[in-house]
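Given next are the chains, with one letter for each unit.
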Amino acid sequence: PPAWALGLEFFYFSSTSDSVYSGEGDAVGSSINMSLFMLDFFVKMFFFDPVNEFVHPYFGVGWGALIGGFDGEKTGSGDEFSTSFMGPYSYQVLGIQVAISGAWGLSAEFKNLRGIATTSADPFDQGDGDSVELSFDGVIVGLTGYYRF
């Protein structure tokens, strides 16, 4: 490829039961708060010269680890619980960088993510044992402004 890039990325996601329910009526369910941290290493390969061209399409791959947890309170009993999870993930990325002026630009990308994690407990008896395997497969769509040093 005309150019390539290596790097590290850090992501943080957070949600609560209230932030993900969009129904009109009241819902009865356990209160759950989730935090997710993702750290990865990536390699990106550009189709054109990213220094001299206006548009820079690229593709790449990344590998990392995800760490997080669920905190909440069970409906009915009011018992509080805390469950952590961790596991590996990988992704393929397809994106484009657009130079705006000088060293400034925008980057838009689609990441096809595959990940798994195992919980430290099973407070809702969803698995066969004391833990549950979670799937973190999905797509991350990103739009980022950048400054090139």
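Residues numbered from 1 in each chain as written. Predicted model: local features only at pLDDT ≥ 70, side-chain atom pairs only at ≥ 80, totals over all residues. Heavy atoms only, no water.

(A) Examining the confidence of the model for the chain more closely. Residue-level pLDDT values for the chain average 87, and 91% of them are 70 or greater. Here helix α1 (residues 17-20) is the element of the chain with the lowest mean pLDDT, 66, and strand β5 (residues 104-119) is the one with the highest, 95. (pLDDT = per-residue confidence, 0-100. Helix = DSSP H or I, 4+ residues; strand = E, 2+ residues; numbered from the N terminus.)

(B) Region of the structure containing a negative patch on the surface. On the surface, a cluster of negative charge is made up of D71, E73, D79 and E80. Within the secondary structure, E73 is located in strand β3 (residues 55-73). You can call E73 partly exposed: its relative accessible area is 39%. (Patch = residues over 30% accessible without salt bridge, like charges linked within 9 Å, V, L, I, M, F, W, Y side chains within 5 Å. Areas by Shrake-Rupley, 256 points an atom, 1.4 Å probe, with all protein chains shown as cover. Salt bridge = Lys/Arg side-chain N within 4 Å of Asp/Glu carboxyl O. Lys, Arg positive; Asp, Glu negative; His and termini not counted. Charge placed at Lys NZ, Arg CZ, Asp CG, Glu CD. Buried < 20%, exposed > 50% of the residue type's maximum accessible area, 1.4 Å probe, protein only.)

(C) Structural context of the side chain of K111. Of note, K111 is situated in strand β5. Here the side chain of K111 touches E9 through a polar contact of 2.7 Å, side chain to side chain. With near-sequence residues (within four places) excluded, K111 lies in contact with E9, F11, Y91, Q92, V93, G138, V139 and I140. (Polar contact = N/O pair within 3.5 Å; in protein donor to acceptor, adjacent residues only side chain to side chain. Contact = heavy atoms within 4.5 Å.)

(D) Expanded view of the packing of aromatic side chains. In this structure the tally under the stated criterion is ten aromatic pairs. Taken together, a centroid distance of 6.5 Å and an interplanar angle of 20° make the contact between Y89 and Y91 stacked. Aromatic ring contacts, followed pair by pair, group F10, Y12 and F37 into a single cluster. When the ring centre of F42 is taken as origin, the NZ or CZ atom of K44, which lies over that ring, is 4.6 Å away. Looking at K111, its charged tip hangs above the ring of Y91, at a distance of 4.7 Å from the centre. (Phe/Tyr/Trp six-rings, centres within 6.5 Å; stacked < 30°, edge-to-face > 60°. Lys NZ or Arg CZ within 6 Å of the ring centre and 35° of its normal.)

(E) Seen up close, a nonpolar patch on the surface. Residues F10, Y12, F37, L39, I67 and M86 make up a contiguous nonpolar surface patch of about 640 Å² in total accessible area. Structurally, L39 can be placed in strand β2 (residues 31-46).

(F) The pairing of strand β4 (residues 80-101), seen in detail. Judged from the 19 bridges that link them, β3 and β4 form a sheet pairing that is antiparallel. Pairing of G69 across the sheet is with S84, part of β4. Hairpin connection from β4 to β5: two residues lie between these consecutive antiparallel strands, with G102 at a positive phi of about 60°. (Pairing = 2+ DSSP bridges.)

(G) Layout of the nonpolar core. Ranked by internal contacts, the top residues of the largest apolar core, which has 17 residues, are L36, M38, L66, F85, Y89, Y91 and F136. Of all the elements in the fold, those that place two or more residues in this core are β1 (3-16), β2, β3, β4 and β5. Broken down by element, this core gets its largest block of residues, five residues, from β2. Those residues in contact with F136 that sit more than four places away from it in its chain are L36, L66, F85, L113, R114, G115 and A117. (Core = buried A, V, L, I, M, F, W, Y, C linked by side-chain atoms within 4.5 Å.)

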